[in-house]
Amino acid sequence: MRALVKHPNETGLRLSDVPVPDPGPDEVLIEVHATGICGTDIHIYEWDHWAQEHVPAPMIVGHEFSGTIAKLGSSVSGFELGELVGAEGHVVCDQCRNCLAGRRHLCNDTRGIGVNIPGAFADFIAVPKSNVWRHTQGISPDIAALFDPFGNAVHTALKFPVLGEDVLITGAGPIGIMATAVVAHSGARNAVVTDVNPYRLRLATEMGATCVVDRRETDLVDIKKELGIVEGFDVALEMSGSPAAYQDILDHTIHGANVALLGIPGEPFPIDWSVVIFNMLNLKGIYGRQMFDTWYKMNVLIESGLDLSPVITHRYDAEEFEDAFAAASSAESGKVLILWD
Ligand code: NAD
Ligand code: ZN
C-alpha cells in the first residue's frame, strides 16, 4: 500500500510502498478515504526540534482521517465491514488512575497515532477497537475526516456554557473557526474572533462569527464598545498559542470569566498572574477530546445542522502531498485534505 513515511534526519516525507498492516486480535483495519493535515504533521514534515525529540522515525504520519472498515481482528465484534468510521487519535494505557476511572482523555501515558505509533497517511491503518468511532449515515466522508480537530474545537467550546454569553475566540485557524461555528450554533450573544490573517478572518465570518478583528489594526476596546459589551467577554477560547492573544484575554474578559486554553505556545512566556487572581479568572487547559462524549456531541452538532464545509479549502491526491503540505503551511488555507481513494 501507499504510505507517507517520515525518515529521520531529513525534511519532508516519502510516499513509499509498505505492507498493509495485519490487524491484531483487538484491532480494526480501516481503508482510508480522506486525511487532514494538522500543525503536528507540519512539525514532523519539517523535522523540527520537537519532532526529533518525540517521533521514533521511520514512522507513517497522520492522525486526522475517515475511512471504511476493511477487516476485523479475531476478537472484534460489533462492527460491520464497509462502515464509515474514524478513530480517536490518542491511544490510552487503560492502566493509570484516570483510565481506570473512565477519564481516558486524562491518561498518564497517551500515545499518538501518527506520532508514536503508525498513522493514517496511508491506504490502510490498523487501530485498537476501543479507538474506533462509527459515523452516522449521511455524513460526508470528507466532513468525517475533520472529527479529530473538530473534537478539539467542540471540547474547548462546550467546556463552559455559552448561551447568551459574549465569547472571545483568539485564533482563526481551522480549530478556531470550527469553535466559532459551535459557539454561534449554541446561542452565544456574540462570537468575536481575532487573528492577524485576513484570509482566515474571512473564513471565520463564513463560519458564523458575529465580528472578526484583525489585531494588527483594531483594538478590542473599540469592538466591545461597538457590540455593547460593557465589562468584558464572559468566555474566552484561546486557539492561537500566541502570547499576545493571552494578553488580550487578560485585558478584555469580565471578572470571573471562564477561559478555556487549547492553543499551544511555542515557548514558555511570562503572564501577569495578578490579573488572573484579582479578576478571579477561571482557567481550564484542554487537551484532545473526551472519549467519547466529545465525539457524541460532534455528531449531534452535525445532525442539528452545523455546517463545517467552509473549513475545507484544499483537496489533493496522495501523490500531490508536497503541494498539500505547502498549502497547509501557507497563510491562505483552512483545512487541507489528502484523499486516498
Ligand atoms: P493554526 O496554527 O492553524 O491557527 C492559529 C491561528 O492563530 C493562526 O491563524 C494565526 O494567524 C493566529 N494568530 C497568531 N497570532 C495571533 C494573535 N496575536 N491573536 C489572534 N490570533 C493569532 O492552528 P489550529 O490547527 O487551528 O490549532 C489552534 C491551536 O491549538 C494551535 O496552537 C495548536 O497547536 C493547538 N492545538 C492544541 C491541541 C490540544 O489538544 N490542546 C490540539 C490541536 C491543536
Ligand atoms: Zn492511562
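Preceding block: the structure.
This write-up is about the structure you can find in this document. (Residues numbered from 1 in each chain as written. Chains lettered and ligands numbered in written order. Predicted model: local features only at pLDDT ≥ 70, side-chain atom pairs only at ≥ 80, totals over all residues. Heavy atoms only, no water.)

1. Considering the overall build of the chain
Now for step 1: Broken down by element type, the chain carries twelve helices and 18 strands.
Now for step 2: A compact globule built from 341 residues would reach a C-alpha radius of gyration of about 20 Å, and the chain, at 20 Å, matches this within 12%.
Now for step 3: If one aligns the C-alpha atoms of the chain with their principal axes, the spans along those axes are about 60 × 40 × 35 Å.
Now for step 4: When contacts within the chain are restricted to residue pairs at least 6 apart in sequence, those whose partners lie at least 24 apart make up 68%.
Now for step 5: Element-wise, carbon and sulfur atoms account for 51% of the exposed surface of the chain, whose accessible area totals about 15,000 Å².
Now for step 6: Averaged over its 23 positive side-chain charges, the chain has a centre that lies 5 Å from the centre of its 45 negative ones. (Helix = DSSP H or I, 4+ residues; strand = E, 2+ residues; numbered from the N terminus. Rg over C-alpha atoms; globule rule 2.2 N^0.38 Å. Contact = heavy atoms within 4.5 Å. Areas by Shrake-Rupley, 256 points an atom, 1.4 Å probe, with all protein chains shown as cover. Lys, Arg positive; Asp, Glu negative; His and termini not counted. Charge placed at Lys NZ, Arg CZ, Asp CG, Glu CD.)

2. Things to note about a negative patch on the surface
Now for step 1: Where like charges cluster on the molecular surface, the negative patch consists of Asp219, Asp222, Glu226 and Asp251.
Now for step 2: With respect to the helices and strands, the residue Asp251 is situated in helix H9 (residues 243-252). (Patch = residues over 30% accessible without salt bridge, like charges linked within 9 Å, V, L, I, M, F, W, Y side chains within 5 Å. Salt bridge = Lys/Arg side-chain N within 4 Å of Asp/Glu carboxyl O.)

3. Observations regarding the site of ligand 1
Now for step 1: Around ligand 1 sit 21 residues in total, of which Ile175, Asp195, Arg200, Ile286 and Gly288 are the nearest.
Now for step 2: One nitrogen or oxygen atom from the side chain of Arg200 is found 2.8 Å from an oxygen atom belonging to ligand 1.
Now for step 3: The side chain of Ser242 places a nitrogen or oxygen atom 3.1 Å from a nitrogen atom of ligand 1.
Now for step 4: For the shell around ligand 1, the elements supplying multiple residues, two or more each, are helix H6 (174-185), strand E12 (190-195) and H9.
Now for step 5: Residue classes in the shell around ligand 1 are distributed as ten nonpolar, nine polar and two charged. (Near = heavy atom within 4 Å. Polar contact = N/O pair within 3.5 Å; in protein donor to acceptor, adjacent residues only side chain to side chain. Nonpolar A, V, L, I, M, F, W, Y, C, P; charged D, E, K, R; others polar.)

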